[in-house]
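Fold and geometry: a report
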Amino acid sequence: MTNAHPLPGRWVEGAGLVLGPLLLLAGVLIRAGQGDFFPDQLAAYAARPGQMVLSYSLFAAGVVLLWPAVTSLARLIGKTHPGWAQWGVTLVVLGLFGRVFHAGVSHLAFQLVDALGLEAAQRAVADTYGAFHVFKAVNVCIMGGWIVLAIGAYRAKVLGLVRCLALGLAAGLPLGVLKGSSDPISLAALLGLAAALVPLGVAVLKDGPAPRWWAVALTVALIPVAFFLGLSG
């Protein structure tokens, strides 16, 4: 195969395929045992703020990394079934935007616990939980998108039947602000996503030459620099 690879590139897509599902799963497992709705999630933050921040941070990072992951999968599907690929990746990415928005609102809600106290924060979230926002329209997109991608992957023979069924399970992952997502359905959805995407990510990463050492070193060095600039800005 040629070394040329469309943007964002083989390493970004392979990393997304491997790390995206694993970070989502890690984030949910870290907060396992807490109630799945906002009063319990806020109470868990009040009791164990570091643990909950880590959990939600890993989950949010996993959501972002699913963007290059589904881009890679859709490109493979699109070789023979472009319609399934285009609809699937568009719906899923729109849904990922919604999940990132939910992550931002959850972060703000945690800050209310620090600023106002637990009970006041719970009241504030309860009073505003159903407020309108434009991303309500994309909730259905991500659920339908995973199913479209799963069907497309099966029709294009990109994944086997079992892994396509596992990919479709991702449609069952709950959406919304301050969702614990540690119930059996959520865990099945995340395990299915990992079973479908992680082996594909390994194959994508192996399909070409290793990166140059300086590129790896530069990438690793940029991570703490980006955090420092973000915190100082």
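Shown above is the structure to which this text applies.
The structure contained in this document is the topic of the report that follows. Quick caveat, the model's predicted, so the values are computed rather than measured.

Attention now moves to helix 3 (residues 49–78). For helix 3, with 30 residues, the first-to-last C-alpha span of 43 Å sits near the 44 Å given by 1.5 Å per residue. Remark: the principal bend of helix 3, roughly 30°, maps to Leu66, with a proline, Pro68, within the next four residues.

Turning our eyes to something else, we now look at the environment of Pro184. With respect to the secondary-structure elements, Pro184 resides in helix 8 (residues 184–206). In this structure Pro184 comes out as exposed when scored by relative accessible area, which is 67%. In sequence terms Pro184 and Leu149 are 35 residues apart; their C-alpha atoms lie 23 Å from each other.

Glancing now at a nonpolar patch on the surface. A cluster of nonpolar side chains, contributed by Trp213, Trp214, Leu218, Leu222, Val225, Phe228 and Leu229, occupies part of the molecular surface with about 830 Å² of accessible area. Assignment of secondary structure puts Leu218 in helix 9 (residues 213–232). For Leu218, a relative accessible area of 48% gives the class partly exposed.

A word on the nonpolar core. Core analysis: the biggest nonpolar cluster contains 37 residues, and Leu66, Leu73, Trp146, Leu149, Leu167, Leu193 and Leu197 have the highest contact counts within it. Contributions of two or more residues to this core are made by helix 1 (10–30), helix 3, helix 4 (82–116), helix 6 (139–155), helix 7 (161–168) and helix 8. The element contributing the most residues to this core is helix 3, with eight residues. Ignoring anything within four residues of it in the chain, the contact list for Leu193 reads Pro21, Leu24, Leu66, Trp146, Ala166, Leu167, Ala170 and Val198. Membership of the second largest hydrophobic core comes to 13 residues, among which are Ala44, Tyr45, Tyr56 and Ala121.

Rules behind the numbers
Residues numbered from 1 in each chain as written. Predicted model: local features only at pLDDT ≥ 70, side-chain atom pairs only at ≥ 80, totals over all residues. Heavy atoms only, no water. Helix = DSSP H or I, 4+ residues; strand = E, 2+ residues; numbered from the N terminus. Expected span 1.5 Å × (residues − 1). Bend = angle between axes of the 7 residues up to and from the residue. Buried < 20%, exposed > 50% of the residue type's maximum accessible area, 1.4 Å probe, protein only. Patch = residues over 30% accessible without salt bridge, like charges linked within 9 Å, V, L, I, M, F, W, Y side chains within 5 Å. Areas by Shrake-Rupley, 256 points an atom, 1.4 Å probe, with all protein chains shown as cover. Salt bridge = Lys/Arg side-chain N within 4 Å of Asp/Glu carboxyl O. Core = buried A, V, L, I, M, F, W, Y, C linked by side-chain atoms within 4.5 Å. Contact = heavy atoms within 4.5 Å.

By themselves, these figures tell us nothing about what the structure is for.
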